[in-house]
Every structure is written in C-alpha cells, then in structure tokens.
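Survey of secondary and tertiary structure
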Amino acid sequence: MLGIPQLRIQKEEIPGGQDFPFIEVMEPDASGNLLYYMSMGNELFTVGNLLENNIFNFTDNFSIYKGNHTYTFGVNFEYMTFKNAFNPVFNGFYRFNSYDDFVATVIDRTPGSYPEAFAKGYALDGSTTPPVDNTKFGQIGFYVQDEYQVTPNLKLTGGLRIDFPFYPIDIPTNELLDDLNKTFETPDGTITPDVSQFPKVNPLWSPRVGVNWDVHGDRTTQIRGGTGIFSGRIPFVWLSNQVNGSGVVRGGLGYEGEDVVDALGPNYVFNPDVTFGNPENPGQSLSNELNLTDRNFKLPQVWRSNLAVDQVLPFGIIGTLEFIYSKDVSTPIAYNPVVRTPDGTFSGPDQRPYWEGSNYSNDDDFRNVFYLTNAQRKADYYSITAQLQKQFDNGFSTMVAYTRSRSRDLDASSGAQAISLWPATVQTDRNDPELSFAGFDIPNRVIANIAYQTDNTTISLFYEGSDAGRFSYTYSGNFGDASNRLMYIPNNASELAFQEFTLNGTTITAAEQAQLLDDYIDQDKYLSENRGSIAERNGAVRPFVNRFDLRITEDIVLSKDQKNRLQLSIDILNIGNMFNSSWGIQKFAYQDNLLNYRGVNSAGQPEYRLNTIPGTSEFPTDTFRNTTSIGDTWRMQVGVRYIFN
C-alpha cells in the first residue's frame with residue numbers, strides 16, 4: 001500500500017501581502033507582570049512552515065490452522081520520508097517592554113532607541129528563501145501469534161512482535177561543531193555532540209498474552225484480560241529537529257537586554273526589512289541552540305494490562321467491572337546538559353535553587369542543547385470502571401458507568417519543537433522532573449444513557465459528569481531557568497517575604513498581601529489541604545461539571561423493502577443549559593499564578609508580590625469563575641441523511 005502525500009504550508013499574511021518582522025509590545029500590570037499589549041507582522045512560526053509526508057507500507061500475513069491452534073505469522077515494512085520546513089523568526093522578531101519604547105523605536109525611528117529583545121533566523125546558503133529539511137525513517141517488523149482454543153469456553157492468545165526502526169539518511173556534519181571538540185554530561189554519560197548521527201537500530205520487543213473465559217459456557221460470567229508491551233509512534237518532527245538545528249541548513253541569532261545594544265550597534269535606527277540582521281556569506285554556523293538525539297534512543301513503548309469481568313445479574317442487568325494499568329517502558333524526554341549549577345538556594349521554608357539573570361547556560365557557545373533521550377522515571381496510568389446496562393423488551397435501554405482513574409507523566413509530551421520535550425512545570429529541576437498528574441487526567445467520570453427505540457423513531461438522552469480537568473499553581477516571574485516553578489504553599493503567609501507596591505494610587509503593604517493570600521488559601525480546597533508543601537503539577541482539580549445531550553431521529557421509509565430511508569435528526573447538546581444558564585458550564589481558575597517572584601532579598605529569601613486577576617486591579621478571593629466559551633453553551637443542530645442498501 002502506498003500512502004498519499006500530505007502537504008501543509010502556512011504563512012500568516014498582513015494587508016497587501018507584505019513581508020514584515022513580528023513585533024510584540026508588552027505593558028506591565030499593577031503587580032509588575034508584563035502582559036501582552038499588542039502584536040503585528042508575520043507570525044513567528046508560520047513563515048516558511050511546510051510539512052510533506054510520503055509513506056510506503058507493506059504488510060503480509062499468513063495463518064496455519066492446526067487442531068485447536070491458529071498460528072499467524074507476518075511481516076510489516078514501513079518507509080517514510082518527511083520534508084519539514086520550520087523556520088522560526090525568519091522575518092525577524094522585536095519585543096518591547098512598553099508601548100512608549102515601541103513608539104520611540106518603530107514609529108519615531110529615534111536613533112539609539114532599542115527593543116528589549118531581537119531575534120533573526122536565516123538560511124545558511126545566503127538565500128532569502130526558507131530552507132527545507134529532509135528526514136527518512138524505516139521500520140521492519142516480524143510477528144507471530146498463537147490463538148489456542150483450550151476448551152470451548154476458554155481461549156488463550158499469545159504473541160511476539162519485534163520491530164527494527166532505522167534511519168536511512170545521511171545528515172551533513174557540522175564542521176564548526178566538530179572543531180570545538182566539546183563534550184556534554186548527560187544521564188547516559190559523557191557524549192561528544194555529532195549532528196550527523198541518528199539512533200542506532202534499537203529493536204523493540206513486544207510480547208503479549210490474552211485470555212477470554214466463558215466460565216459457565218452460557219455467557220453469564222465472562223472473564224477477559226491480557227498483558228503485554230506495545231510500541232507506539234512519536235511525532236517524527238522531534239527527530240527532524242536534529243536536522244533543523246544542525247547548523248548546516250539554517251542559522252539563528254537572538255539577544256536580550258544589553259546584548260541587543262551590543263548586537264545592533266550605536267545609534268541604531270529601526271529597519272523593517274525582513275533581511276535585516278542576516279549575516280553576509282553565513283556558511284555553516286553555530287546557532288545558540290543545538291538539537292541532538294541519543295544513539296540508544298528507543299521509540300515509545302508501554303506495558304499495558306487489563307482484567308475485566310462481565311456478569312449477568314438479576315433482572316437481566318449486565319454488570320462489568322474492568323481494571324486497566326499501564327506503565328511506560330520507554331518515554332521520550334529532552335535533557336539540557338548546558339544548564340549550570342544554580343547560583344543560590346533560598347533561605348526560609350522554601351529552600352529551592354535559583355539562578356541570577358536570565359541566562360542559565362554554562363556554555364559560551366550554546367544557550368540550549370536539547371538532547372532527545374529516554375526518561376528514567378516512567379509515566380503510568382490506572383483506571384477502574386464499573387458499568388451496568390439493561391435492554392428492556394418495550395424498546396427502552398439504559399446504561400450507567402463510573403470510572404476512577406489516575407494518569408501521571410513528566411510534562412514532556414506537547415509541541416513539535418525540541419524545547420517542548422524539556423519539562424517546564426517543575427518543583428525544582430527541569431532536567432529532573434517529578435512524576436505528577438498529566439494535564440488530561442480526569443479523576444472521576446460518570447456516563448449514562450437512556451434510549452427508546454421503535455421501528456422508525458429513536459430518542460436518547462446521554463449524560464456525562466466529570467471533573468473538568470486539572471491545573472497547576474505556579475509563580476509568575478523567572479527563577480532564572482525559564483521554568484514554570486510550582487508554588488510553595490505556606491503554613492502561614494507570614495512565612496513569605498512580600499514586596500510593597502502601589503496599585504491605583506494605593507499602597508499595598510506586605511501585611512495586607514499576606515492576609516489576602518491566607519484568605520485565598522483557606523477557601524481553596526487543594527491549597528488549604530497542602531499547606532507547608534510544594535504544589536504538585538496539575539494537582540488542583542476543577543469542579544465537577546454535568547451535561548446532558550438529547551438526540552431524536554425519525555426514519556421515513558421510501559421503498560417497500562425498507563432499504564431506502566430518509567433520516568431526520570435533531571441534536572441538542574448541553575440541553576440543560578437551555579433551561580438554566582448556569583447548568584453544564586465549566587469553571588476555570590481566576591488566577592493560578594498567585595504570586596509574582598521579584599528576586600531575592602538581603603536575607604536570601606524570595607520576595608513576592610500578590611498578583612491581581614489578569615486584566616483587572618482586583619485580587620482573587622474565590623478560586624473559580626464560569627467559563628465564557630461559547631462551546632459551553634447549549635447548541636442545536638439538525639440533520640438529513642439518505643440511507644440506502
């Protein structure tokens with residue numbers, strides 16, 4: 001089977017189809033936090049953004065039937081090619097920390113007026129056309145399975161699959177990098193960076209067994225389950241990041257603060273030309289970011305087990321109890337070996353490390369080195385589900401189920417850039433993230449359905465009630481490692497050092513901020529139960545939400561054999577909200593960054609300001625607010641479908 005190529009090209013346009021650098025203007029709020037004020041120009045990450053995939057797949061299976069055994073043997077071969085053009089800040093990027101600075105630099109073109117940050121991407125061949133990366137991936141797998149019918153009531157299944165992933169591509173060597181003769185310390189030991197090396201052929205072994213037992217032979221009691229290792233896919237863009245950031249195809253530069261002045265020179269005047277900043281005859285370069293892949297890197301694998309019992313209960317009710325557990329065997333993660341030793345450790349109850357300034361790198365050449373490897377800690381998941389269902393003789397059917405689950409990960413699974421795999425929301429160390437709740441974890445979920453069906457009419461009401469999701473309590477401000485540092489929850493807010501500030505002409509004292517924080521913690525279930533500890537990532541749970549969906553269908557028979565029908569349908573989603581505007585509405589936190597980190601005082605303690613609710617000058621007193629999303633209101637849709645056989 002030959003796959004169909006898929007192509008995606010994006011470019012954010014501005015009026016007249018002009019090319020223009022991206023400009024970001026910030027403004028500080030009352031607490032000193034920089035908030036977005038406005039932006040303009042070609043978006044940073046869509047200029048020259050292309051993705052083209054070609055996939056060839058060959059599969060061949062054959063089976064042997066021998067007595068009570070059915071043997072299946074097979075081979076699968078995949079070959080994929082990727083063209084991935086990702087050229088961040090190719091048209092240039094400017095950030096200003098106030099509107100006045102923006103006006104002076106961009107509008108008035110005042111000589112010697114500078115942005116707070118400047119970045120530029122460029123092609124190393126000197127052209128103005130965004131470069132394209134090419135990556136190839138191949139995998140051949142062999143598998144065997146034995147389906148053994150032990151008795152008429154008991155079937156066992158066992159199998160083994162072995163996959164051999166390989167990377168049939170030669171990546172050019174970056175001679176400038178090789179000449180540096182650098183080494184980096186990683187969890188896998190000391191490595192010498194080489195952008196031309198992809199992982200070795202690391203086999204993926206996937207054994208598995210399953211059982212299905214009809215205990216009494218009449219399907220009144222059925223036990224089913226299995227355990228095994230399953231191999232998965234990763235976004236191959238994570239591997240192509242090594243090609244993207246090899247320093248052979250594209251280069252980049254970026255500056256902040258005083259470094260901008262040094263880079264742009266004295267008496268700088270803003271130039272909107274998107275080629276401004278491109279070096280002449282760049283050749284190979286050393287970008288300040290390097291992407292590498294562990295030679296022993298393994299694609300994701302998970303060990304998954306389940307055990308379930310289906311039981312016919314009195315009154316024709318069918319009950320099901322099912323337990324699922326899974327744990328990662330290999331988890332992709334990024335490690336940054338150039339993060340230097342912290343500059344200090346806070347005194348007081350929260351004795352965590354911090355870095356001074358915004359440059360946490362200990363390397364003169366690289367701000368970041370993202371080393372794609374496998375994590376030591378393993379993500380896991382469990383769930384237990386209880387379900388009851390019954391089919392009545394008069395056309396009614398009902399079902400209700402409850403699931404309790406927990407999912408934990410390392411916060412390293414979102415986004416396509418290499419930095420996305422470097423965990424950001426941590427208690428202490430981005431290179432040693434804690435195992436904590438996944439962002440998609442739903443601890444409690446109930447579903448139910450009641451339906452009535454005649455020959456031509458179906459009416460069903462579906463209910464779903466669940467925790468609305470998880471979120472993290474973090475600080476705003478930079479502790480020097482560019483992380484979302486998780487908040488220390490004080491036993492009493494007087495443990496913390498607050499910085500006095502002025503809000504709308506009124507001085508907000510340290511004592512007032514401490515009292516406001518204590519009051520907030522007292523009314524918040526998660527914070528009040530965890531005083532004296534550091535918040536867990538995604539530890540807080542949003543309130544339970546209840547929703548009902550109604551569906552009605554009517555079939556109009558158009559032929560005597562009833563094979564041709566016209567089906568009319570009406571769906572009312574979140575129908576409860578039609579009758580009460582507060583029903584079926586999710587709630588979100590007013591403010592999950594309660595404190596703004598301001599630096600370290602003379603006693604070595606971190607100093608904070610209490611944050612207001614974003615966009616207001618009010619301090620939060622309640623945790624949750626109703627969402628304003630139109631997706632949470634009731635909606636109705638009608639449909640017409642022609643059915644024929």
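For the structure given in this document, a descriptive report is provided here. (Residues numbered from 1 in each chain as written. Predicted model: local features only at pLDDT ≥ 70, side-chain atom pairs only at ≥ 80, totals over all residues. Heavy atoms only, no water.)

Side note on the overall build of the chain
The test is simple: Strands here mean DSSP runs of E at least two residues long; helices mean DSSP runs of H or I at least four residues long; both are numbered from the N terminus. Three exposure classes are used, based on accessible area relative to the maximum for each residue type with a 1.4 Å probe and protein chains only: buried under 20%, partly exposed in between, and exposed over 50%. The contact criterion used throughout is that any non-hydrogen atoms of two residues lie within 4.5 Å. For the area figures, the Shrake-Rupley method with a 1.4 Å probe applies, and any residue is considered shielded solely by the protein chains shown. For the purpose of charge, His is not counted, nor are the chain termini; Lys and Arg are scored as positive and Asp and Glu as negative. Positions of charges follow a simple convention, taking NZ of Lys, CZ of Arg, CG of Asp or CD of Glu.
Assigned secondary structure in the chain consists of seven helices and 42 strands. Of all 645 residues assigned to the chain, the portion counted as buried reaches 43%. Summarising the internal contacts of the chain: among those between residues at least 6 apart in sequence, 73% fall at separations of at least 24. Surface exposure of the chain reaches about 32200 Å², of which carbon and sulfur atoms provide 53%. In the chain, 49 positive and 76 negative side-chain charges are present, and the distance between their average locations comes to 10 Å.

Looking at the packing of aromatic side chains
To keep things clear, this is the line we draw: Aromatic rings from Phe, Tyr and Trp, with only the six-membered ring used for Trp, were paired whenever their centres fell within 6.5 Å, and each pair was classed as stacked if the ring planes differed by under 30 degrees, edge-to-face if by over 60, and tilted otherwise. A positively charged side chain is recorded as over a ring if its NZ (Lys) or CZ (Arg) lies within 6 Å of the ring centre. The angle to the ring normal must also be within 35 degrees.
Summed over the entire model, instances satisfying the criterion amount to 31 aromatic pairs. When the centroid spacing of 5.6 Å and the interplanar angle of 20° are considered together, the rings of Y114 and Y268 count as stacked. Taken as a pair, Y114 in the loop between α1 (99-107) and β7 (117-123) and Y268 in the loop between α4 (258-264) and β15 (289-293) lie far apart in primary sequence, 154 residues in all. The exposure classification of Y114 matches that of Y268, with both residues buried. Through pairs of rings, three or more aromatic residues link up here, namely Y94, Y114, F118, Y268, F270 and F276. A cation over a ring is seen here: R367 above Y360, with NZ or CZ 5.1 Å from the ring centre.

A look at the pairing of strand β2 (residues 22-28)
This is how it is decided: When DSSP finds two or more bridges between a pair of strands, those strands are recorded as paired.
Taking burial as the measure, the seven residues of β2 include five buried ones, the bulk of the element. As paired elements, β2 and strand β6 (residues 93-96) share four bridges and run parallel to each other. Directly across from F22, in β6, lies its bridge partner F93. Of the pairings in the sheet, the one linking β2 to strand β3 (residues 34-40) comprises six bridges and is antiparallel in character. Bridge pairing links I23 to M40 in β3.

Regarding helix α5 (residues 510-523)
Our working rule: Expected helix span is computed as 1.5 Å times (number of residues minus one). What the arc measures is the spread of directions leading from the helix axis to the C-beta atoms.
Taking 1.5 Å as the rise per residue, α5 with 14 residues should run 20 Å; its terminal C-alpha atoms sit 20 Å apart, in good agreement. Along α5, the residues classified as buried are Q513, A514, L517, D518, Y520 and I521. Projected onto a plane normal to the axis of α5, the buried residues spread over an arc of 165° and lie on a single side. In α5, the exposed positions that point more than 90 degrees away from the buried face belong to A511 and D522.

Brief notes about the pattern of salt bridges
In a structure, side chains of opposite charge can pair up when their charged atoms sit close to one another. To keep things clear, this is the line we draw: Just to be clear on terms, a salt bridge is a Lys or Arg side-chain nitrogen sitting within 4 Å of an Asp or Glu carboxyl oxygen.
One pass over the structure, following the stated rule, counts 22 salt bridges. In this structure, the salt-bridge partner of R352 is D350, at a minimum N-O distance of 2.7 Å. Neither residue differs from the other here; R352 and D350 are each classed as buried. Of the charged contacts, one joins D380 and R406 as a salt bridge, the two residues approaching to 3.4 Å between their closest N and O atoms. Of this pair, D380 sits in strand β22 (residues 380-391) while R406 is found in strand β23 (residues 396-409), placing the two residues 26 residues apart along the sequence. Take D380: its relative accessible area is 7%, and that puts it in the buried class.

With respect to the environment of N580
Which entries qualify depends on this criterion: Side-chain atoms alone can form a polar contact between residues adjacent in sequence; in general such a contact is a pair of N or O atoms within 3.5 Å, and within protein one must be able to donate a hydrogen while the other accepts it.
Inspection of the secondary structure assignment puts N580 in the loop between α7 (576-579) and β38 (587-589). Judged by relative accessible area, N580 falls into the partly exposed class, the value being 27%. Measuring from C-alpha to C-alpha, the distance between N580 and W634 comes to 10.0 Å, with 54 residues separating the pair along the chain. A polar contact is formed between the side chain of N580 and the side chain of S582, at a distance of 2.7 Å.

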